[in-house]
Structures are given as structure tokens and as C-alpha cells.
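Coordinates in review
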Amino acid sequence: MNLKLYKPLCVFDLETTGTNIGKDRIVEICILKVNPDGSRESKTWKVNPEMPIPKESSAIHGIYDADVADSPTFREIAPKVMEMIKDADLGGFNSNRFDIPVLAEEMLRSEIDFDLSKHRFVDAQTIFFKKEPRNLGAAYQFYCGKTLENAHSAEADVMATFEVLDAQVGKYDDVPNEIAELSDFSSQNRFADLAGMIHFDEKNQEIFAFGKYKGQKVKEVFQKDLGYYGWLQSADFPLYTKKIFTKIQLKSRF
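As the structure is a computational prediction, the values presented were derived from the model and not from experiment.

Attention now moves to the pattern of salt bridges. Using the criterion set out here, one finds 14 salt bridges in the structure. As a salt-bridge pair, Glu111 and Arg75 come within 4.0 Å of each other at their nearest N and O atoms. Here Glu111, found in the loop between helix H4 (95-109) and strand S5 (121-123), pairs with Arg75, found in helix H3 (residues 74-85); they are 36 residues apart in sequence, far enough to count as distant. Overall, Arg75 belongs to the partly exposed group, its relative accessible area being 45%. Notably, a salt bridge pairs Lys217 with Asp201, separated by 3.6 Å at the nearest N-O pair. Taken as a pair, Lys217 in the loop between strand S7 (206-208) and helix H9 (218-224) and Asp201 in the loop between strand S6 (198-200) and S7 lie far apart in primary sequence, 16 residues in all.

Right, here's the structure in full:
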């Protein structure tokens, strides 16, 4: 294994009802947990999203309403998912932009306080796009010399993603093999939240990336316009974004 791990790395993939981070739900999740000694364990769950799966989504991942009708809801499996990832860093393919934000939303809906500050994130897609801009199937062929069968099956995708990530570390001299450095290398933008609605300025202060206060410090806005915080909490924003707003609002009192 080319990766140098000091704590477990959980590579995971989600199949969902759609691409809206705040509204869509997980229908399948697969996690591959790789330990520093190289040992591995994997779990795959079908999930009842408690909403209809659009036909266009089913056409991509092959999971239909009938396939998950008797499956547990995410709330039911959330403790098992948390137990698997709680001591691990997180990796995936396009995971920084999609899988991790969606997982955070589902955890918060399940009333589990998912603290992302305890994890490093590694996105094999970002590394791939920096080096060889293509998709997962092409990455698998390029780095591993294999054809990806059953693409958009969570289990097939997550196994391929780990092989691609490990091969990327072995192929490029300037791609680090330790998760802390690899996390920095695979990040594209640094946001305070997961949806990219709260940015950092040059002094590492949270600022709004949207709306009438765009570019202004969130803490200062809340100090002068507390009603804006109330509006944000009642508006249709992702739960994790609201959680960050609340954290900043509490700090703004002092």
C-alpha cells in the first residue's frame, strides 16, 4: 500500500435520490475502512430514503423504490455508520463537494452531532482532475489498468476509488502519502461550511459568500443584525451550514 496511514481511512460512496445536498436522501452507502496496518473491512447498506426516487436517478444507479421499500431508514443505520467512521479520516471520489456534505446532512437529521473538524478529507477526484482530468471509470483504467464494471454501484465505485487513490500516491512523486498533506493537496477551496456559502477571508475570518452581506464578516453581521441570523435559520439552507451559522452566532455574543 502506497498510502501511509496513522489512523483509519474510510473511503465511502453514496447513491442518492438526486444532487440537492439539502433535500435529497441516501439510497445506498458503502464504506471501506482501511486501517494503518493495511487490514480492511467494508459495509454496504441499502437505505429507504422516505421519499420517491426519481426515475432519472434510478436510471443512473439502478436502485428503484421497490429495492429499498423494506430497507432501514438512514436514522436507523446512522449509529452504525458513525461507529465505523468516528475515528477515521474520510475519502472518496467527488466526496468533498457531494458525499461528505450529504452525509453530514443525514447525520444531523438523525440527531447525531457530526463534527467534521475531527476528520481529514481526501478527494481522489480532485487529485485526478489536477493530474488527469477525467471521470472515475477513466481514472480506474488509467491508474489501475482495469475496466470499472457496475459503475454507479456504491460498492464497485468505492472499491475502485480506493485503488485509484492508492495508485495515485504511488505514481506521482509530488503527491504526498500521508493523509494530512494529502487532504490539503486534494482540496480545491477552503470553506467554513460544506456548501460553500461561508468563506474565509485573508485573516481566516468567516465571511458571507452570498446575499446582501456578501463579503462581510459573519460575526460582525450577527452583532449588528441578529434578525438576519433568525432568517438564515428559517430559510432553506443545508443543516450543516445552519450549524456553522449558530456556532458563529454564539461566538458573536462575546
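Here we come to the domain arrangement of the chain. What the domain assignment reports for the chain is domain 1 (9-128), domain 2 (136-186) and domain 3 (198-251). Distance from the C-alpha centre of domain 1 to the C-alpha centre of domain 2: 18 Å. The interface of domain 1 with domain 2 comprises 26 residues on the first partner and 23 residues on the second. Here domain 1 packs against domain 2, burying approximately 2,200 Å² in sum over the two surfaces, 72% of which is carbon and sulfur.

Taking strand neighbours across the sheet as the criterion, the five strands line up as S3-S2-S1-S4-S5 in an open arrangement whose pairing is mixed. Of all the strands in the sheet, just strand S3 (40-46) and S5 have a single pairing partner and so form its edges. Across the sheet, the axes of successive neighbouring strands diverge by a mean angle of 20°, strand direction being ignored. Two strands pair when backbone bridges link them, and strand S1 (residues 9-16) and strand S2 (residues 26-34) are joined in this way by eight bridges, in the antiparallel orientation. For Phe12, the partnering residue across the bridge sits in S2 and is Ile31. Contacting S1, strand S4 (89-92) and S5, helix H8 (residues 179-186) runs over the sheet at an angle of about 55° to S5.

In this structure the tally under the stated criterion is 16 aromatic pairs. With centroids separated by 6.1 Å and ring planes inclined at 80°, the aromatic side chains of Phe208 and Phe222 adopt a geometry described as edge-to-face. Taken together, the residues Phe208 in strand S7 and Phe222 in helix H9 connect sequence positions 14 residues apart. One exposure class covers both Phe208 and Phe222, and it is buried. With a centroid separation of 5.3 Å and an interplanar angle of 75°, the aromatic rings of Phe222 and Tyr229 are classed as edge-to-face. Taken together through their ring pairs, the aromatic side chains of Phe208, Phe210, Tyr213, Phe222, Tyr228, Tyr229, Trp231, Phe237 and Phe245 make up a single cluster.

Contact geometry of helix H10 (residues 226-234) with helix H11 (residues 239-251) gives a least axis separation of 10 Å together with a crossing angle of 160°. With respect to each other, H10 and H11 are oriented roughly antiparallel. Regarding H10 and H11, the two cross each other, and that crossing is left-handed. Seen from H10, the contacting residues are Leu226, Tyr229, Leu232, Gln233 and Ser234; seen from H11, they are Lys242, Phe245, Thr246 and Gln249. Considering only residue class, the contact of H10 with H11 consists of four nonpolar, four polar and one charged.

Calculation criteria
Residues numbered from 1 in each chain as written. Predicted model: local features only at pLDDT ≥ 70, side-chain atom pairs only at ≥ 80, totals over all residues. Heavy atoms only, no water. Salt bridge = Lys/Arg side-chain N within 4 Å of Asp/Glu carboxyl O. Helix = DSSP H or I, 4+ residues; strand = E, 2+ residues; numbered from the N terminus. Buried < 20%, exposed > 50% of the residue type's maximum accessible area, 1.4 Å probe, protein only. Domains from an automatic or database assignment. Contact = heavy atoms within 4.5 Å. Buried area = accessible area lost by both parts, 1.4 Å probe. Pairing = 2+ DSSP bridges. Axes fitted to C-alpha atoms, helices over the stretch in contact; angles between N-to-C directions. Phe/Tyr/Trp six-rings, centres within 6.5 Å; stacked < 30°, edge-to-face > 60°. Parallel < 35°, antiparallel > 145°, perpendicular 65-115°, else oblique. Left-handed = near helix turned anticlockwise from the far one by under 90°. Nonpolar A, V, L, I, M, F, W, Y, C, P; charged D, E, K, R; others polar.

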